[in-house]
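# A structural walkthrough
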Amino acid sequence: MPMTLGASKEEISQGIPYVIMNIIASFAFLVGIALIYGHTGNLNMAYLASLLRKTEWTFGIRTASVFLFFAFAVKAALFPVFFWLPKSYPAVPGVIGALFSALLTKVGVYSLLRIFTLIFPIARDPNLQHILYYCSLATMVIGVLGAVAQNSMKRILSVHIISQVGYMTWGLALFSPISLGAALFYMVHNMVVKSNLFLISGLVEELEGTDKLSQLGGLLKKNPFFSALFLLSALSLAGFPPLSGFFAKVFLIKESLGLEDFLGVSIAIGVSLLTLFSMTKIWNEVFLKEKEDVQSTLFPVGVGMAPILFLALFAVLLGALSGPIYETFIAAGEGLYDPSAYILAVIGEAG
């Protein structure tokens, strides 16, 4: 398991909550699948979508949706089942953390987007939709407050994953073609930027021997170019224009204003400001702060700079081309909102 790749005591101990929660989530997933099969006799997603859109949901079907919702909420680190993540991610090497931050929680988010638009349209269950909405807002707030309280690069970035997941599931809870497309755009932006920040933190820890803010400093003087790449990714995460994070948040906020979700807009803007504060905290302590025992102005990074540079440029490009790219995601959001074309393509008119 990548979580314990280094086989260190910390990695093994901190990997235990991850393993336990994923076992529980996997069990819930299997129960949900079994309930669906028991009540429909089929697991084809297009068939299920067609069937459950035409019939009333029985108690067993609703129970299956709850089990699946719980399973994917755990995978996504959604409030209140996020507590496995803050200790698990900081324990792994930077490269593994970059992979995890880009994929693991996003798989959970994508599963929520897929299942609760296609098979169980969340708008058909107002109670579940309200639960997802308030859980999303709580995830944003608790995640960013937890990040602000941390004092190491990897811990700040790890807890921020929770906060960013809240934006994506907020788009699902709003449940409109535009909000779903905006959530997909936000997901791609976050995968790029967050993985880059983890690569940077891993490189800093490898070369400096620590990622604790109090023990770092002077990296701007050692390598201005490397520092600029961090700043670029950090500002994008916080939603600073004209980077990808700015447009990802603007698309979501604009749609939520159209839906008169003023509470969500207020929280999203406040969380963005706190995200900027936490990124500034890393910048000031790790890069800008003078360090008395700096022995050399050389900060060797070698080939380790290549993926960091690529991802930083990708974030810039994603922001620069946000208009046409966003149109593609809006088309995807419309497909999620109305999957009739997908159903027709898979099972034909018989569906």
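Before any of the text, the structure's been laid out above.
Note that residues are indexed from 1 along each chain, following the sequence as it is written. Since the coordinates come from a predicted model, pLDDT governs what is reported: local features require at least 70, and pairs of side-chain atoms require 80 or more to be given and counted, while whole-chain, interface and lining totals use all residues. Where side-chain values are given, they derive from all heavy atoms of the structure, hydrogens and water being excluded.

Classification of ring pairs uses Phe, Tyr and Trp, with its six-membered ring standing for Trp, and accepts pairs whose centres are within 6.5 Å; under 30 degrees between planes counts as stacked, over 60 as edge-to-face, and the remaining range as tilted. Enumeration according to the criterion identifies 18 aromatic pairs in this entry. Here a set of aromatic residues connected by ring pairs shows up, and it is made of Phe185, Phe246, Phe247, Phe251, Tyr326 and Phe329.

Before going further, it helps to examine the pattern of salt bridges. By convention in these notes, a salt bridge is any Lys or Arg side-chain nitrogen within 4 Å of a carboxyl oxygen on Asp or Glu. Counted under the stated rule, the structure contains 4 salt bridges. Two residues, Glu208 and Lys222, come together in a salt bridge whose shortest N-O distance is 3.0 Å. Within this pair, whereas Glu208 is found in helix α8 (residues 177–208), its partner Lys222 is found in helix α9 (residues 219–222), the two being separated by 14 residues in sequence. For every residue, the accessible area (1.4 Å probe, protein chains only) is compared with the maximum for its type, and the residue is labelled buried under 20%, exposed over 50%, or partly exposed between those bounds. Judged by relative accessible area, which is 15%, Lys222 ranks as buried. Residue Glu285 is joined to Lys289 by a salt bridge in which the shortest nitrogen-to-oxygen separation is 3.2 Å. On the basis of relative accessibility, which here comes to 24%, the residue Lys289 falls in the partly exposed class. Secondary structure elements are defined from DSSP: runs of H or I of at least 4 residues count as helices, runs of E of at least 2 residues count as strands, and each element is numbered from the N terminus.

Once that is clear, we can look at the environment of Asp125. With respect to the helices and strands, the residue Asp125 is situated in the loop between α5 (94–118) and α6 (126–148). Here the alpha-carbon distance between Asp125 and Arg62, two residues 63 residues apart in the chain, equals 8.9 Å. Only heavy atoms enter the contact rule, under which two residues are in contact if any of them lie within 4.5 Å. Not counting residues within four places of it along the chain, the set of residues in contact with Asp125 comprises Trp57 and Arg62.

Time to look at unusual backbone geometry. The omega angle of the peptide bond from Phe79 to Pro80 is 5°, so this bond is cis rather than trans. Going from Pro241 to Pro242, the amide bond is cis rather than trans, its omega being 5°. Checked against the element boundaries, Pro242 lands in the loop between α10 (224–238) and α11 (244–258). Unusually for a residue other than glycine, Glu260 sits at a positive phi of about 60°.

With that settled, consider helix α7 (residues 153–174). Here, expected helix span is obtained from the residue count minus one, scaled by 1.5 Å. Taking 1.5 Å of rise per residue, 22 residues should cover 32 Å, and α7 covers 32 Å from first to last C-alpha, within 8% of that figure. With 21 of 22 residues buried, α7 lies mostly within the body of the structure. Residue Phe175 follows α7 closely and has a positive phi angle near 50°.

Now for the side chain of Thr105. Along the chain, Thr105 falls in helix α5. Under the relative-accessibility criterion, Thr105 is labelled buried at 0%. When near neighbours in sequence (up to four residues on either side) are disregarded, Thr105 contacts Lys75, Ala76, Ala77, Trp84, Leu85, Tyr89, Phe100, Ile161 and Val165.

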